[in-house]
Amino acid sequence: MRTLAITQNITVDGSIEMITDWFSPMGHGDADTSDLIEENHRQDSQADALLLGRRTFEDFRGYWPHQTGDTTGISDYLNSVRKYVVSTTLTDPQWANSTVLSGDPVAEVAALKEQPGEDIVLTGSIRLAHTLITAGLVDEYRLFVYPAVQGRGRRLFPDGHEVPRLRLTDSRAFVSGITLQRYATH
């Protein structure tokens, strides 16, 4: 069975909603992010599917395919990876290698996990993440913790949802002050 990993950028106070400017998809000015980009590429090399909710998909589709001169390689990866968008309203994804999953999200993602392949990564897509967390389909959390406190915004875990024990599988700090915490659910 494939691993479903939720990869999120998150503030120290636990917000994944980007209300203020604590996150930038292309890095922060002159901050050295080469080690962070290297880690992203390492994770990307182990994944052959990107799972997104409709809103995040539309945000990505409106931004990444139009980046020219992207030296990070993020645009190339996102344009070429197999993308699955969970939506009951979207019919034509209008982005290469994209498939709309229009049925029950839990059943659709469970079936996707049963197919042969590498990791499936969900990022952003807060409502979809909450649905899959509640359904018990998430195998791993990859949290890129930014040294910022936003003071508000939606959180990764739905209110009232408990995860009795996660297993730390990796922890590292990057030159920029961002840290990565990886947790397995079992």
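Look up a bit, the structure's there.
For every chain, the first residue of its written sequence is number 1, and the numbers climb from 1 along that sequence. With pLDDT at 70 or above as the cut-off, local features in this predicted model cover only qualifying residues; side-chain atom pairs require 80 or more to be listed or tallied, and sums for whole chains, interfaces and linings still use all residues. Values shown for side chains rest on all heavy atoms present in the structure; no hydrogens or waters enter the calculation.

Novice: Describe in detail the overall build of the protein chain, supporting the description with residues and values.
Specialist: Helix and strand assignments follow DSSP, with helices taken as H or I runs no shorter than four residues and strands as E runs no shorter than two, numbered in order from the N terminus. Helix and strand counts for the protein chain come out as five helices and eight strands. Listing every helix and strand of the protein chain by position from the N terminus yields β-α-β-α-α-β-β-α-β-α-β-β-β. Each radius of gyration reported is based on C-alpha atoms, and the globular scaling rule is 2.2 Å times the count of residues to the power 0.38. In terms of overall size, the protein chain behaves like a compact globule, its C-alpha atoms giving a radius of gyration of 16 Å where 186 residues would be expected to give roughly 16 Å. A principal-axis box enclosing the C-alpha atoms of the protein chain has dimensions of 45 × 40 × 30 Å. The buried label applies to any residue whose accessible area, calculated with a 1.4 Å probe on protein chains only, is under 20% of its type's maximum; exposed applies above 50%, and partly exposed to all values in between. Counting all 186 residues of the protein chain, 43% fall into the buried class. Pairs at least 24 residues apart make up 74% of the contacts formed inside the protein chain by residues separated by at least 6 positions. When the accessible surface of the protein chain is split by element, carbon and sulfur atoms take 49% of a total near 9500 Å². With 17 positive and 25 negative side-chain charges, the protein chain shows a spacing of 4 Å between the two charge centroids. By the convention used here, residues are in contact when the closest approach between their heavy atoms is within 4.5 Å. Where accessible areas are quoted, they stem from the Shrake-Rupley method and a 1.4 Å probe; at the residue level, only the protein chains shown are allowed to cover. Two residue types count as positive, namely Lys and Arg, and two as negative, namely Asp and Glu; His and chain ends fall outside the count. Note on charges: their place is set at NZ of Lys, CZ of Arg, CG of Asp or CD of Glu.

Novice: Quick one: what's the story with the pairing of strand E2 (residues 47–53), residue by residue and with numbers?
Specialist: Within E2, six of the seven residues are buried, which leaves the element mostly enclosed by the surrounding structure. Being paired, for any two strands, means DSSP has found at least two bridges between them. Relative to strand E5 (residues 119–122), E2 is paired through four bridges, and the arrangement is parallel. When the sheet's bridge partners are listed, leucine 51 is paired in E5 with leucine 122. Where E2 meets strand E3 (residues 82–86), five bridges bridge the pair, whose relative direction is parallel. Bridge pairing links glycine 53 to valine 86 in E3.

Novice: Which residues make up the side chain of aspartate 35, and what values go with them?
Specialist: The residue aspartate 35 is located in helix H1 (residues 34–44) in this model. Salt bridges are defined by distance alone: a side-chain nitrogen of Lys or Arg within 4 Å of a carboxyl oxygen of Asp or Glu. Notably, aspartate 35 is buried but unbridged: the nearest opposite-charge side chain belongs to arginine 172, and the N-O separation is 4.9 Å. When neighbours within four sequence positions are excluded, aspartate 35 is seen to be in contact with Arg172, Ala173, Phe174 and Val175.

Novice: Describe the sheet that holds strand E1 (residues 4–11), listing the residues and the values that go with them.
Specialist: Judged by pairing direction, the sheet is mixed, and its eight strands sit side by side in the order E4-E3-E2-E5-E1-E6-E8-E7 without closing on themselves. Strands with a single pairing partner mark the edges of an open sheet, and in this sheet they are strand E4 (98–101) and strand E7 (167–173). Each strand of the sheet is rotated relative to its neighbour by a mean of 20°, with strand direction disregarded. The axes used here are C-alpha line fits, helices contributing only the stretch in contact, and every angle between their N-to-C directions lies in the interval 0 to 180 degrees. Across the sheet, helix H2 (residues 54–63) is in contact with E2, E3 and E4; its angle to E2 comes to roughly 115°.

Novice: Lay out the pairing of strand E6 (residues 140–146) with the relevant residues and their values.
Specialist: The buried fraction of E6 amounts to seven of the seven residues, a majority that puts the element mostly inside the structure. Side chains of E6 alternate between two faces, with Glu140, Arg142, Phe144 and Tyr146 and Tyr141, Leu143 and Val145 buried alike. When E1 meets E6, the two strands line up parallel, connected through seven bridges. Looking across to E6, one finds that asparagine 9 is bridged to phenylalanine 144. Bridge analysis of E6 against strand E8 (residues 179–184) gives six bridges, and the strand direction is antiparallel. By the bridge assignment for E8, arginine 142 is matched with arginine 182.

Novice: Could you give me a rundown of helix H4 (residues 105–114), with the residues and numbers involved?
Specialist: Taken together, the buried positions of H4 are occupied by Val109, Leu112 and Lys113. What you see down the axis of H4 is that its buried residues fit within an arc of 100°, all on one side. Close packing links the buried residues of H4 with E1, E2, E3, E5 and helix H5 (126–134). Taken from the helix axis, the directions to the C-beta atoms give the arc we talk about.

Such coordinate-based values are descriptive only and should not be taken to indicate function.
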